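Examining the three-dimensional arrangement
Okay, here's what each chain looks like letter by letter:
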Protein chains: 2
Amino acid sequence: MDYIQSAKNPKVKQWKKLLTKKGREQTGLYLLEGFHLVEEALQFKNEIEEILYSENIMIPSHWNMDHVKITTISEEVSKAISETESSQGIFAICKKHQYEEKMMEKGKSFLLIDAVQDPGNVGTMIRTADAAGIDLVILGDGTVDLYNSKVLRSAQGSHFHLSIISMSLQKAISLLQEKGVPVFGTSLQSAESYKKVTIDDSFAMIVGNEGNGVSEELLQTTNQNVFIPLYGRSESLNVAVAAGILLFHFQDSLKSN
Amino acid sequence: MDYIQSAKNPKVKQWKKLLTKKGREQTGLYLLEGFHLVEEALQFKNEIEEILYSENIMIPSHWNMDHVKITTISEEVSKAISETESSQGIFAICKKHQYEEKMMEKGKSFLLIDAVQDPGNVGTMIRTADAAGIDLVILGDGTVDLYNSKVLRSAQGSHFHLSIISMSLQKAISLLQEKGVPVFGTSLQSAESYKKVTIDDSFAMIVGNEGNGVSEELLQTTNQNVFIPLYGRSESLNVAVAAGILLFHFQDSLKSN
C-alpha cells in the first residue's frame, strides 16, 4: 500500500486538478469524498481507480476493498484535496461516465436538464430521477458539471445507479424524436396541465434554469409543453420539486400501461 | 430620513442581534435581505418595521414605499449586517408571525415539519406549501428557525403568503385531531402508498428529518402513515421533493371533492 505524506507530492497536485472541471476533462477522472459516497462507489468497483484515506480514520469492517488500489495519506494531504470544511479523510478517484450510443437506444424514460446552475438542484434531480427509475439523464449546455463536489453530495450516490451524459439538448431532442420518444417541455405559457398527459411507452421531460425556465428555442422543438397548476400565491416551484412531481406522475402513467 | 454611517452606531448593534435566533426571540423582529425579498415585503407593509438601504444603490422606481420608515446606511453598515458574500445593500426589518388560535381553527390543509435541519430544505418546503395552497405550516422542535436567512432565501417570499408557526408537534397533532383533521405521517414501515389515500375535507401531513424521518413517537399518534413507492435504486427522496409530491397529490384530492 502506498503512503503519501507531503501535500507537495506530485500525486497530490494531480488529485487537486480533479477539483476543477478542466482537470476532470483532461483525465476522465473525478474525486468523490466522504464515507457515504465511497461506500456507494464500492458497489461499482470497476468505476474506481483508487481509494485514498487518511492514516487516522477507521474503515468500516464490512467494507470489501479487495482488488481496489488503496493509498493512505497524511492529514495534511487529506486537507489539501478536501472540499469540505471538516473532511472525513476518505476519497475515491473514479472514472467519469462516457457517452455510449446504446444509452439512448435502450431507454424508455429520460430527464433533460437545461442550464440549471445550482449544484444542489442538479444533484437532487439526479437523486429524484434515480428514485423515479429514469433510464438516462442528459445535462445540457450551461448546466453545472455532474462531477462538481456539491452535485455529487446532493445526488447521494445516485450517479452510480443511472446513466448521465452531457450533450447539446437540441441534438438530444432530435435523436429522441427520431426513435419515437415524445419530448415534453415545461413552461407556463401555451402549455397543458401535466395531469392531462398520458404516456404510452416512453417519454423525455425537459426542466429548465431556475430563473428563466426551459429556453424558448428548445420549447419550440418539443412534442408538447406541460405545466403544474399551482393553488397558492407562489409563482413557481423549485426546479427539483417540480421535476419530482412530474417524473413520478409520468412514470406512474408509463408503468400502468 | 435617518442616515447611519458608522458600524459602531448602537442601532447597528441592535440590527446585528437579529441575525441570531435569540435576538429575534427577544425583539419579535427579523432581518430580510436583498431586492427580491424586500419587494415581496412591500406587499405586506404592516409586517415591515423599517427598510434600510445603502446610499449607493438604486431603488426601483415602481416601488411604493409610502408610510414605511426608511433609513439610509453606509456601505460599512451594510457589510456589517449582511449575511451574504456580496450584499445587495437593501434590508427590511420585519415583525415575526405570532401564533393565533384562529390559524388552526380555520385551515383545511396543514404541513407539519419534524426536526428538518437543512435551511434550504425548510425554505423550499415553505415555498412548495405556498404553491400547493397549504393553509398553515407548523415547525416542530428541532427544525431550523424560520427566520434564519437561508430559510428565508429559499422560501423566496412565501413566508409572507401563508401562516407559519412553531409548536410542539405532539400538541399540534392533538389539536388537529380534536377538530377532526386526519393526520398523515410519512414512513417506510407499516405505511400505505400515498396513491391509495383519499382526502375528504381536510388533512395534515408530517414530513421528517433528513436522516431519520418522522420520529417514531409522532408516527404512533397519526391517523395513517403513507409512503411514496420508488421505482429505482435510490433508497429515498430529498424531503422537500417528497413533500412536493405528497402535498400536490393531497390537495388535488381535497379540491376534487
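Heads up: these notes are all about the structure in this document. (Residues numbered from 1 in each chain as written. Chains lettered and ligands numbered in written order. Predicted model: local features only at pLDDT ≥ 70, side-chain atom pairs only at ≥ 80, totals over all residues. Heavy atoms only, no water.)

Things to note about the sheet that holds strand E5 (residues 90-95) of chain B
Residue and element names in this part refer to chain B. Defined as follows: Note: two strands are recorded as paired if DSSP finds a minimum of 2 bridges between them. The helix count covers DSSP runs of H or I at least four residues long, the strand count covers runs of E at least two residues long, and both are numbered beginning at the N terminus. Lines fitted to C-alpha atoms define the axes here, with helix axes fitted over just the stretch in contact, and angles between the N-to-C directions of these axes take values from 0 to 180 degrees. Contact criterion: two residues are considered in contact whenever any of their non-hydrogen atoms come within 4.5 Å of each other.
The strand order across the open sheet built from 5 strands is E1-E4-E3-E5-E2, with neighbouring strands paired in mixed fashion. In this open sheet, the two strands that pair with only one neighbour each are strand E1 (2-4) and strand E2 (29-33). Geometrically, the sheet is characterised by an average inter-axis angle of 25° between neighbouring strands, direction not taken into account. Pairing analysis gives 3 bridges linking E1 to strand E4 (residues 70-73), with the strands arranged parallel. Bridge pairing in E4 links Asp2 to Thr71. Across the sheet, helix H1 (residues 10-17) lies against E1, E2, strand E3 (48-54), E4 and E5, angled at about 80° from E1, the strand it touches most.

Section: the nonpolar core
Stated precisely, the cut-off is as follows: In this text, buried Ala, Val, Leu, Ile, Met, Phe, Trp, Tyr and Cys residues form a nonpolar core when linked through side-chain atoms within 4.5 Å. Per-residue accessibility, obtained with a 1.4 Å probe over protein chains only, is compared with the maximum for each type, and a residue is labelled buried under 20%, exposed over 50%, and partly exposed between these values.
By size, the foremost hydrophobic cluster in this structure holds 120 residues, and its most contacted members are Ile51 and Leu111 of chain A together with Ile51 and Leu111 of chain B. Sequence-distant contacts of Leu111 of chain B, that is, excluding residues within four places in its chain, are made with Met125, Ala129, Ile134, Leu136, Val137, Ile138, Met205, Val207 and Leu247 of chain B.

Things to note about the relation of the copies chain A and chain B
Rules: Here the copies are matched by least squares. The fit uses the C-alpha atoms of residues with pLDDT of at least 70 in both.
For the pair chain A and chain B, the best superposition has an RMSD of 0.0 Å and corresponds to a rotation of 180° with a translation of 0.0 Å parallel to the axis. Overall, the copies show the geometry of a two-fold rotation axis.

What about the packing of helix H10 (residues 239-255) of chain A against helix H10 (residues 239-255) of chain B?
Stated formally: Here is the rule for angles: anything less than 35 degrees is roughly parallel, anything more than 145 is roughly antiparallel, 65 through 115 is roughly perpendicular, and the remaining ranges are oblique. In this scheme, a crossing is called left-handed if the near helix is turned counterclockwise away from the far one by less than a right angle; it is called right-handed if the turn is clockwise. Nonpolar residues are Ala, Val, Leu, Ile, Met, Phe, Trp, Tyr, Cys and Pro. Charged residues are Asp, Glu, Lys and Arg, and all others, Gly as well, are polar.
Remark: H10 of chain A packs on H10 of chain B, axes separated minimally by 8 Å, with the N-to-C direction vectors making an angle of 55°. Compared by their axis directions, H10 of chain A and H10 of chain B come out oblique. For the pair H10 of chain A and H10 of chain B, the sense of crossing is right-handed. Contacts between H10 of chain A and H10 of chain B involve Ala240, Val241, Gly244, Ile245 and Phe248 of chain A from the first element and Ala240, Val241, Gly244, Ile245 and Phe248 of chain B from the second. Its residues assigned to classes, the contact of H10 of chain A with H10 of chain B comprises 8 nonpolar, 2 polar and no charged.

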